[in-house]
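These are the residues of each chain, in order.
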Amino acid sequence: MIQENLRLVTQKIDEAAPPEKRGKVKLIAVSKTKPVSAIEEAYLYGIRDFGENKVQEIVEKFDLLPKDIRWHMIGHLQRNKVKYIIDKVALIHSVDSLRLAEEISKEAQKKGKVMPILIEVNIAHEDSKFGVSPGDCEQLIRQISLLPGVQIRGLMTVAPFVENGEENREYFKAMKQLYVDIMTKNIDNVYMDILSMGMTGDYQVAVEEGADYVRVGTGIFGERNYQPG
Ligand SMILES: *Cc1c(COP(=O)(O)O)cnc(C)c1O
């Protein structure tokens, strides 16, 4: 089932990709709440990028799985937990404050590394969502760009939950526009080469609008069962 889902999702991404992006869009398999065995199965079929939203889960799975996996932190990150994942994740997608970036900078320097990050944007101005508002994005990027030990690589968004992914097209267009606007500013230490957007319900639309990374969970692993309590 995971194999068939992966084949289907990959095919749909290929079909949606604009010519210049064909074969280059990265699929991140969002494995949050899913067991190690499910990740091993996706790994067997060639997936190396996995997304998780909880520090504890990354730490546990990291130890049990092959070391060539690239772990993506896609969930809200508390400053006091940065130290647990700084040497385990390949990319942090969810940076939305200077204070969090400063903590990442501090911990990365301790390990002698430079941590690639994305800035999370709340493109639809939803009260329930994390992320910087589009209007504050450039200023935040300019501040973070001055920190040692972190490197901004692009933008990420979690679009509204909708029945029909088409409804999010305007938000993906707005993300692409913001991404290009910031790229054009040529800010030192800012490399705009990753636009992370699109989930199970809307990844094809996101790819059509220029996503470089899509984050798909349910569409690969099936529905998530959250344990009560
Ligand atoms: C859970 C999650 C996803 C994947 O969601 P699906 O709808 O299952 O594909 C993508 N991005 C983030 C930030 C998530 O938390």
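Residues numbered from 1 in each chain as written. Predicted model: local features only at pLDDT ≥ 70, side-chain atom pairs only at ≥ 80, totals over all residues. Heavy atoms only, no water.

Colleague: Just checking my understanding: could you explain the site of the ligand for this structure?
Modeller: In the neighbourhood of the ligand, the contacting residues comprise V30, K32, I74, V158, M199, T200, R215, V216, G217, T218 and R224. T200 places a polar side-chain atom, nitrogen or oxygen, 2.4 Å from an oxygen atom of the ligand. A distance of 2.8 Å is found between an oxygen atom of the ligand and a backbone nitrogen or oxygen belonging to G217. Within the complex, 89% of the 390 Å² of free accessible area of the ligand lies under protein. Of the residues that constitute the shell around the ligand, the class distribution is five nonpolar, three polar and three charged. (Near = heavy atom within 4 Å. Polar contact = N/O pair within 3.5 Å; in protein donor to acceptor, adjacent residues only side chain to side chain. Areas by Shrake-Rupley, 256 points an atom, 1.4 Å probe, with all protein chains shown as cover. Nonpolar A, V, L, I, M, F, W, Y, C, P; charged D, E, K, R; others polar.)

Colleague: What should I look at first to understand the pairing of strand β7 (residues 190-196) in this one?
Modeller: Each regular strand carries side chains that alternate between the two faces of the sheet. Most of β7 is tucked away: five of the seven residues are buried. Running through helix α7 (residues 169-184), the crossover from strand β6 (residues 150-156) to the neighbouring parallel element β7 is right-handed. (Buried < 20%, exposed > 50% of the residue type's maximum accessible area, 1.4 Å probe, protein only. Helix = DSSP H or I, 4+ residues; strand = E, 2+ residues; numbered from the N terminus. Right-handed = clockwise from strand over helix to strand, strands pointing away.)

Colleague: Mind showing me how you'd approach the pairing of strand β4 (residues 89-95) here?
Modeller: In terms of residue burial, β4 counts as a mostly covered element, since six of its seven residues are buried. Inspection of the sheet shows strand β3 (residues 70-73) paired to β4 by three bridges, in the parallel sense. Note that in β4 the partner of H72 across the bridge is L91. (Pairing = 2+ DSSP bridges.)

Colleague: Would you mind showing me how to read the packing of aromatic side chains here?
Modeller: We describe a pair of aromatic rings using the distance from one ring centre to the other and the angle between the two ring planes. Applying the stated rule across the entire model yields one aromatic pair. Ring geometry for F50 versus W71: centroids 6.0 Å apart, planes at 40°, classification tilted. With F50 in strand β2 (residues 49-52) and W71 in strand β3, the pair connects residues that are 21 residues apart, well separated along the chain. The pair F50 / W71 is uniform in exposure class, with both members buried. The ring of Y43 carries the charged tip of R48 above its face, separated from the ring centre by 3.5 Å. One residue, K67, lies across the ring of F62, its end atom 4.8 Å from the ring centre. (Phe/Tyr/Trp six-rings, centres within 6.5 Å; stacked < 30°, edge-to-face > 60°. Lys NZ or Arg CZ within 6 Å of the ring centre and 35° of its normal.)

Colleague: I tried to follow helix α5 (residues 98-110) on my own but got confused; where do I start?
Modeller: Think of an α-helix as 3.6 residues a turn; residues three or four steps apart then line up on the same face. For α5, spanning 13 residues, the distance from its first C-alpha to its last is 18 Å, which sits close to the expected 18 Å at 1.5 Å a residue. The set of residues buried in α5 consists of L100, A101, E103, I104, S105, E107 and A108. Its buried side turned inward, α5 meets α4 (82-85), β4, β5 (115-120), α6 (134-144) and β6. A positive phi of about 65° marks G112, the residue just after α5. (Expected span 1.5 Å × (residues − 1). Contact = heavy atoms within 4.5 Å.)

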